[in-house]
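# Coordinates in review
Read off the chains here:
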Amino acid sequence: GASASLQKEIANAKAQAQAVRALCYFDLCRVYATPYPYSNDGAALGVPLIEGIPDNAATPGRNTLKECYDFIIKDLTEAISSNALEDTSYGYISKSAAKALLARVYLYKGDTEGNTKALSLSKEVIESGKYSLPTTVEAYKTIWSESTSTEMIFSVVNFDSKDWADREGLAYIYNVNGYYNAHITKKFYDEMLQDPDDIRWNVLVASKGTNAEAS
């Protein structure tokens, strides 16, 4: 039989695969399906749920949104309860990452039970003491590049600079010398004004050709 260390590695890989599958289905539902609160309690169409390997000619139908969300929640719940995930793991799905994702799934459902579970899971991640928001510009700069950043719960690590892979990250979208095409809404700006010490003021720049004012 497999050694204990190998069994642990296999269990970890399975739990990560479940969490990644849940993330993929969650993204697909958010893009291609009606938002859950407007779906007639999940009766609207979601996306096809594929658990096995379909043949080349397969044309699976779309499952209901409720079936999709039930599947996503089941995958994440099993991954978390397996105790096979690391508490934190740079570049991999960790238990904290799975909990944070499950919290978001429940939040997107938008019902009372979902909101309660979302709050509970979020508190578990926040109160674990493993993560915190940067309070200095120096620390803020490390969020997207350093494995030691305490703000990043889950990140896709890509060290390859071929095919402009380094230009498709969030940091480059924000960068003045990059795409520089991320904008905030007036509502978000007004909310930001409530905290003049918010570290994000350091990356907000007034748009050219408008009446916007720099902070």
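Above this text you will find the structure in question.
Keep in mind the model is a prediction, meaning the values are calculated, not measured.

Quick look at the nonpolar core now. With 30 residues, the main nonpolar core has Cys29, Tyr69, Ile72, Leu76, Leu102 and Val105 as its most contacted residues. Elements represented by at least two residues in this core include exactly helix H1 (4-32), helix H2 (65-81), helix H3 (95-109) and helix H4 (112-126). Among residues more than four places away in sequence, those in contact with Tyr69 are Phe26, Cys29, Tyr36, Val105, Tyr108 and Lys109.

Once that is clear, we can look at unusual backbone geometry. Positive phi outside glycine occurs at Asp41, with the angle close to 55°. Secondary-structure assignment places Asp41 in the loop between H1 and H2.

All right, on to the pattern of salt bridges then. By the definition in use, this model includes nine salt bridges. Between Asp70 and Lys66 there is a salt bridge, with its nearest N and O atoms 2.7 Å apart. Residue Asp70 and its partner Lys66 are both found in helix H2; the two are separated by four residues, about one turn of the helix. Classification of Asp70 as partly exposed rests on a relative accessible area of 34%. Judged by relative accessible area, which is 39%, Lys66 ranks as partly exposed. Here Glu113 ties to Lys117 by a salt bridge, and the two come within 3.1 Å at their closest N and O atoms. One end of the pair is Glu113 and the other is Lys117, both in helix H4 and four residues apart, which spans about a single turn.

Moving on to H3. In this model, H3 (15 residues) spans 21 Å end to end at C-alpha, consistent with the 21 Å of a helix rising 1.5 Å per residue. Counting buried positions along H3 yields 11 of 15 residues, so the element is predominantly enclosed. Lys95, Ser96, Ala97, Ala98, Lys99, Leu101, Leu102, Ala103, Val105, Tyr106 and Lys109 are the residues of H3 that are buried. Just downstream of H3, Gly110 is the residue with a positive phi angle, here 80°.

So, on to the packing of H1 against H2. The N-to-C vectors of H1 and H2 enclose an angle of 155°; their axes lie 8 Å apart at closest approach. In terms of orientation, H1 lies roughly antiparallel with respect to H2. Of the two possible hands of crossing, H1 and H2 adopt the one that is left-handed. For the pair H1 and H2, the contacting residues are Ala15, Gln18, Ala19, Arg21, Ala22, Tyr25, Phe26 and Cys29 in the first and Leu65, Cys68, Tyr69, Phe71, Ile72, Asp75, Leu76, Glu78 and Ala79 in the second. Considering only residue class, the contact of H1 with H2 consists of 13 nonpolar, one polar and three charged.

Our next topic: the environment of Glu191. Following the sequence through the fold, Glu191 ends up in helix H7 (residues 186-192). Along the backbone, Glu191 and Trp144 are 47 residues apart, and their C-alpha atoms lie at a distance of 24 Å. In terms of polar contacts, Glu191 uses its side chain to reach the side chain of Lys187, at 2.7 Å.

Take the side chain of Lys109 next. Locating Lys109 in the fold gives a position in helix H3. For the buried Lys109, no salt bridge exists, and the shortest N-O distance to an oppositely charged side chain is 4.1 Å, to Asp111. Residues in contact with Lys109, not counting those within four places in the same chain, are Tyr36, Pro37, Tyr69 and Ile73.

Before going further, it helps to examine the state of the cysteines. Applying the stated criterion across every chain yields a total of zero disulfides. Considering cysteine sulfurs only, Cys29 is the nearest to Cys24, which forms no disulfide, with 11 Å between them. Cysteine Cys68 shares no disulfide, and the gap to the nearest cysteine sulfur, in Cys29, comes to 4.0 Å.

Calculation criteria
Residues numbered from 1 in each chain as written. Predicted model: local features only at pLDDT ≥ 70, side-chain atom pairs only at ≥ 80, totals over all residues. Heavy atoms only, no water. Core = buried A, V, L, I, M, F, W, Y, C linked by side-chain atoms within 4.5 Å. Buried < 20%, exposed > 50% of the residue type's maximum accessible area, 1.4 Å probe, protein only. Helix = DSSP H or I, 4+ residues; strand = E, 2+ residues; numbered from the N terminus. Contact = heavy atoms within 4.5 Å. Salt bridge = Lys/Arg side-chain N within 4 Å of Asp/Glu carboxyl O. Expected span 1.5 Å × (residues − 1). Axes fitted to C-alpha atoms, helices over the stretch in contact; angles between N-to-C directions. Parallel < 35°, antiparallel > 145°, perpendicular 65-115°, else oblique. Left-handed = near helix turned anticlockwise from the far one by under 90°. Nonpolar A, V, L, I, M, F, W, Y, C, P; charged D, E, K, R; others polar. Polar contact = N/O pair within 3.5 Å; in protein donor to acceptor, adjacent residues only side chain to side chain. Lys, Arg positive; Asp, Glu negative; His and termini not counted. Disulfide = S-S within 2.5 Å.

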